[in-house]
Amino acid sequence: MLWKMAFRNIFRQKRRSLFTALSMIIGFVMLSVTMALSEGGYGNIIKMFTKDHTGHVQIHHKEYLERPGLYRSLVYTKKIEKIITENREIKHAVPRVFSGGLAFIDEKTTGARIVGIQPAQEAKATTILNKVEKGEYLSDHWNPDKKAEVLLSHGMASILKAKVGSELVLISQGADGSIANDLFTVTGIFAKDFDTMDRMNIYMHINKAQEFLVLNNKIHEIALFLDDYLDSTKVAKQLKKNLAGVESTLAVDTWMDVEQTFYRSMEADKSGSWIMNLIIILIVGIGVLNTVLMVILERTREYGILLALGSRPYMLIGMIVVETFILSIISSIIGALLSLLAIWPLKVYGITYPEPVSIGGITIESINGAYVPIAFWMPIVVVISTAVIVSLIPAFKAAHTDPVKAMRTF
Amino acid sequence: MNSVIELQKMNKIYKTGEIEVHAVNDVSFTIERGEFTAIAGPSGSGKTTLLNMMSGLESSTSGSVILAGQSIAKMSASDLSDFRRDHIGFIFQSYNLIPVLSVQENIEYIMLLQGIPKEERRQRVSKILSEVGLSGVEKRFPPQLSGGQQQRVAVARAIVSHPDIILADEPTANLDSKSGSDLLDMMKELNTNRGVTFLFSTHDSMIMERATRLITLHDGAVASDVTK
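Since this is a predicted model, take the numbers as computed values, not measurements. (Residues numbered from 1 in each chain as written. Chains lettered and ligands numbered in written order. Predicted model: local features only at pLDDT ≥ 70, side-chain atom pairs only at ≥ 80, totals over all residues. Heavy atoms only, no water.)

Novice: How should I be thinking about the overall build of chain B in this particular structure?
Specialist: Across its full length, chain B carries seven helices and ten strands. Taken over the C-alpha trace, chain B has a radius of gyration of 17 Å; the compact-globule value for 228 residues is 17 Å, and the two agree within 12%. Counting only C-alpha atoms, chain B reaches 55 × 40 × 40 Å along its principal axes. Considering chain B as a whole, with its 228 residues, one finds that 54% of them fall into the buried category. Put simply, of all contacts in chain B between residues at least 6 apart along the chain, 70% involve residues at least 24 apart. When the accessible surface of chain B is summed, it comes to about 9,400 Å², and 48% of that surface belongs to carbon and sulfur atoms. Computed over 23 positive and 27 negative side-chain charges, the inter-centroid distance for chain B is 4 Å. (Helix = DSSP H or I, 4+ residues; strand = E, 2+ residues; numbered from the N terminus. Rg over C-alpha atoms; globule rule 2.2 N^0.38 Å. Buried < 20%, exposed > 50% of the residue type's maximum accessible area, 1.4 Å probe, protein only. Contact = heavy atoms within 4.5 Å. Areas by Shrake-Rupley, 256 points an atom, 1.4 Å probe, with all protein chains shown as cover. Lys, Arg positive; Asp, Glu negative; His and termini not counted. Charge placed at Lys NZ, Arg CZ, Asp CG, Glu CD.)

Below is the structure:
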């Protein structure tokens, strides 16, 4: 009977219930969209830059991450390869070489970050192949006798006014102390959105980079790619344990360690969104409190009758809370459906910032929402619990109504 | 006959600042089972306050109420609530049905609180509706009924749980004379046929005429107590 009365009371004052439901639905959708953008958006960014750049776990020389340098290198031995291959979570492992240098094209010159990659493996593990906007991707077959090819990031190509086919001179320092310099052909230029992390990159075949920098068979990084970035910490822990007995000079780090500044900025930004959540809780809370108080004022006589007939105060509390609970469930269902619609354009088209935003060194031009579970279960929890908790205040007030005063007569 | 309710030296004093108002003044009487009694008197004579105190809805300043053999003075709020539910039936001036409950559900409500099984509840509702002349309106909601019909449902709700006494406050005040007269005839019939005890608070002459005992209050005190 309690549920029946609560349910019927919702439809008794349709307009008022509609306004109460609206405050809950608006709160739900706002929270859901915020969550979809913050949790889903950051999730997408993490997926994008780990997939495009860092990978999920990296193996370096133990001092490399703190002080990157040409000499802090490692040898990708068969033992290391075996340990990586045996780990089922790891889908791809790609070796990389890094160094700084000076790039010239005609009279244009700029500092550059040289990145040596294994073209075929890199293409399998990352989205690099699809990011070539002009020209072609690097050939996997390296011919030492042929003029080496390089791929330029969009920013680098703009500064040097490079075109596909341009000749580029690169000067750097060799690991043996010599001056490294060579002539390269620009074979391709990346799209702008590949410049997320570093717009001054010059990519070349890893063998050419090792030859150019006199590194022999040494590399600076093994980037590991997993199916799910959330497994990064677990896999890094396993690898640390397994590699400890093989090579003591190695360090295993997750993408959170590699991109600490970004990770911390992102976490700080996400925690800032709780202010928004608090505002939404207030919207729902005040909306519900206001209407429930009005309802109680109008139904004072009825509560008096129910108490006079022998109903216990807790029954009245239950009836009012159940009424709000049912309304919050209905609102949550409608809110979830509307959120599905509201998130869709944010997922597909995203929000483009007027100017690119740098978060911890990662440049972001737009943010896309995502259908993440938290964008739905969190608003459900917030809306229902806020509504129920807020309705307790007027419910207690109603339960302690004086039946005589409430009924005025008798 | 045995007594259903016994009032002993009931007093009720309201204090407004320094001013004391004796709403009920040293009232004592006993209502026997099967009576059809009316408490009459002008507005402000203390009728409603007296009924409130008899049902435990309002506390007395002094005196005691013995209802169904038990003193209600020292009962806790929850015990009083249960006691009221089990021993008293209420009929209010403005019907006071629960608008979101159907006729059947309104009548069932007290039985539900008493824990009476569904089947028995339904049987009792069907029987009582027939007795008050409202068969077939079980599924209707109060706003779909006339004032007279609503008050009949209120009577059905009051007597269906077999209380010891029905306290009826101005039950005909909101009805036209025809409906009021029909309602009173029906209540009288229930009184005669089923032995239901009624105690009215009223200044309606139709009730006073039909009552078998008339207690008149004046300034909170019993001015006369006449059994016809």
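So, next bit.
Novice: Just to check I follow, could you spell out the packing of aromatic side chains for this structure?
Specialist: We describe a pair of aromatic rings using the distance from one ring centre to the other and the angle between the two ring planes. Residue and element names in this part refer to chain A. On inspection of all chains with the given rule, the structure shows eleven aromatic pairs over all chains. An angle of 80 degrees between the planes, with centres 5.6 Å apart, marks the rings of Phe-184 and Phe-212 as edge-to-face. Of this pair, Phe-184 sits in strand β8 (residues 179–190) while Phe-212 sits in helix α6 (residues 206–212), and the two are 28 residues apart along the sequence. For the pair shown, Phe-184 and Phe-212 are each scored as buried. Ring centres of Trp-344 and Tyr-349 lie 6.2 Å apart, and the angle between their planes is 90 degrees; on these two criteria the pair is classed as edge-to-face. Trp-344 gets classed as partly exposed once you look at its relative accessible area, which sits at 44%. Accessibility expressed as a relative area gives 58% for Tyr-349, which makes it exposed. By way of ring pairs, the aromatic residues Tyr-229, Trp-255 and Tyr-263 are connected into one cluster. (Phe/Tyr/Trp six-rings, centres within 6.5 Å; stacked < 30°, edge-to-face > 60°.)

Novice: Looking at this model, I keep getting lost on the domain arrangement of chain A. Mind explaining?
Specialist: Reports often express the size of an interface as the amount of accessible area lost when the parts come together. What the domain assignment reports for chain A is domain 1 (2–50 + 262–407) and domain 2 (63–248). Computed over C-alpha atoms, the centres of domain 1 of chain A and domain 2 of chain A are 49 Å apart. (Domains from an automatic or database assignment.)

Novice: What exactly am I supposed to notice about helix α4 (residues 118–131) of chain B here?
Specialist: For the α-helix, the turn length of 3.6 residues means that residues three or four positions removed from each other point alike. Residue and element names in this part refer to chain B. Helix length check: α4 (14 residues) gives 20 Å between terminal C-alpha atoms against 20 Å at 1.5 Å per residue, within 8%. Every buried residue of α4 is accounted for by Arg-121, Arg-124, Val-125, Ile-128 and Leu-129. On an axial view of α4, the arc spanned by its buried residues comes to 130 degrees, and they lie on one face. When the buried face of α4 is taken as reference, the exposed residues oriented beyond 90 degrees from it are Glu-119, Gln-123 and Lys-127. Packing partners of the buried residues in α4 comprise α3 (103–114), α5 (147–159) and α6 (177–194). Of the residues flanking the end of α4, it is Gly-133, one or two places downstream, whose phi is positive at about 75 degrees. (Expected span 1.5 Å × (residues − 1). Arc of directions from axis to C-beta.)

Novice: Honestly, the packing of helix α1 (residues 2–12) of chain A against helix α11 (residues 313–348) of chain A in this entry has me stumped. Any pointers?
Specialist: Each packed pair of helices is defined by two parameters, the angle between the axes and the distance between the axes. All names here are of chain A. Taken N-terminus to C-terminus, the directions of α1 and α11 make an angle of 50 degrees; their axes are 8 Å apart at the nearest point. Considered as vectors, α1 and α11 are oriented oblique to each other. The element α1 and its partner α11 pack so that their crossing is right-handed. Facing Leu-2, Trp-3, Met-5, Ala-6, Phe-7, Asn-9 and Ile-10 of α1, the residues of α11 in contact are Met-315, Gly-318, Met-319, Val-322, Glu-323, Phe-325, Ile-326 and Leu-327. When its residues are assigned to classes, the contact of α1 with α11 shows twelve nonpolar, two polar and one charged. (Axes fitted to C-alpha atoms, helices over the stretch in contact; angles between N-to-C directions. Parallel < 35°, antiparallel > 145°, perpendicular 65-115°, else oblique. Left-handed = near helix turned anticlockwise from the far one by under 90°. Nonpolar A, V, L, I, M, F, W, Y, C, P; charged D, E, K, R; others polar.)

Novice: Before we go on, may I ask you to explain the side chain of Glu-105 of chain B in this structure?
Specialist: Its place among the elements puts Glu-105 of chain B in helix α3. Discounting residues that sit within four places of it in the chain, Glu-105 of chain B has contacts with Met-1, Lys-4 and Arg-8 of chain A together with Val-100 of chain B.

Novice: What am I meant to see in the pairing of strand β4 (residues 108–117) of chain A here?
Specialist: Remark: a regular strand shows side chains that alternate across the two faces of the sheet. Residue and element names in this part refer to chain A. With ten bridges connecting them, strand β3 (residues 90–105) and β4 associate as antiparallel partners. Paired with Gly-101 across the bridge in β4 is Ala-112. Pairing of β4 with strand β9 (residues 201–205) involves five bridges; the strand directions are parallel. For Arg-113, the partnering residue across the bridge sits in β9 and is Asn-201. (Pairing = 2+ DSSP bridges.)

Novice: How should I be thinking about the sheet that holds strand β4 (residues 62–67) of chain B in this particular structure?
Specialist: Backbone hydrogen bonds are what pair the strands of a sheet, in a parallel or an antiparallel way. Residue and element names in this part refer to chain B. The four strands are arranged β2-β1-β4-β5 in an open sheet whose pairing can be described as antiparallel. Bordering the open sheet on either side are β2 (19–32) and β5 (70–71), each of which pairs with just one other strand. Pairing geometry for β4 and β5, over two bridges, is antiparallel. Bridge pairing links Ile-66 to Ser-71 in β5.

Novice: How should the interface of chain A and chain B be read in this particular structure?
Specialist: Chain A puts 22 residues into the contact, and the matching count from chain B is 30 residues. Between chain A and chain B lies a buried interface of about 2,500 Å² when both sides are counted; carbon and sulfur atoms form 66% of it. For the interface between chain A and chain B, the tally reads three salt bridges. At the surface where chain A touches chain B, the tally comes to ten residue pairs in polar contact (both at pLDDT 80 or more). Mapped by element, the contributors of at least two residues to the side of chain A that touches chain B are α1, α10 (300–308) and α13 (403–407) of chain A. If one sorts the elements of the side of chain A that touches chain B by residue count, α10 of chain A sits on top with six residues. (Buried area = accessible area lost by both parts, 1.4 Å probe. Salt bridge = Lys/Arg side-chain N within 4 Å of Asp/Glu carboxyl O. Polar contact = N/O pair within 3.5 Å; in protein donor to acceptor, adjacent residues only side chain to side chain.)

Novice: Is there a simple way to explain a nonpolar patch on the surface in this structure?
Specialist: A surface patch of nonpolar side chains, amounting to about 780 Å² of accessible area, comprises Ile-329, Ile-333, Leu-337, Leu-340, Trp-344, Val-348, Tyr-349 and Tyr-371 of chain A. If you trace the backbone, Leu-337 of chain A turns up in helix α11. (Patch = residues over 30% accessible without salt bridge, like charges linked within 9 Å, V, L, I, M, F, W, Y side chains within 5 Å.)

Novice: Help me out: how do you make sense of the nonpolar core in this one?
Specialist: The tendency in soluble globular proteins is for nonpolar side chains to be buried side by side. Grouped together as the largest cluster of nonpolar side chains are 94 residues, with contacts concentrated most on Tyr-303 of chain A together with Leu-7, Phe-29, Leu-50, Met-54 and Ile-165 of chain B. It is helix α2 (residues 14–54) of chain A that provides the largest number of residues to this core, a total of 14 residues. One finds Ile-114, Met-156, Ala-180 and Met-200 of chain A within the second-largest nonpolar core, a separate group that totals 45 residues. (Core = buried A, V, L, I, M, F, W, Y, C linked by side-chain atoms within 4.5 Å.)

Novice: What is the right way to look at α3 of chain B in this model?
Specialist: Across the twelve residues of α3 of chain B, ten count as buried, placing the element largely inside the fold. Within α3 of chain B the residues assigned to the buried category are Val-103, Gln-104, Glu-105, Asn-106, Ile-107, Glu-108, Tyr-109, Ile-110, Met-111 and Leu-113 of chain B. In the core, the buried residues of α3 of chain B are packed alongside α1, α10 and α11 of chain A together with α2 (77–87), α4 and α5 of chain B. Residue Gly-115 of chain B follows α3 of chain B closely and has a positive phi angle near 80 degrees.

Novice: Please explain the pattern of salt bridges as it appears in this structure.
Specialist: Two side chains of opposite charge can pair, provided their charged atoms sit close to one another. Residue and element names in this part refer to chain A. Counted according to the given criterion, the structure contains 28 salt bridges over all chains. Between Arg-12 and Glu-302 there is a salt bridge, with its nearest N and O atoms 2.3 Å apart. On the criterion of sequence distance, the pair formed by Arg-12 in helix α1 and Glu-302 in helix α10 is long-range, its members being 290 residues apart. For Arg-12, a relative accessible area of 30% translates into the label partly exposed. Look at Glu-302 and you get buried, because its relative accessible area is 11%.

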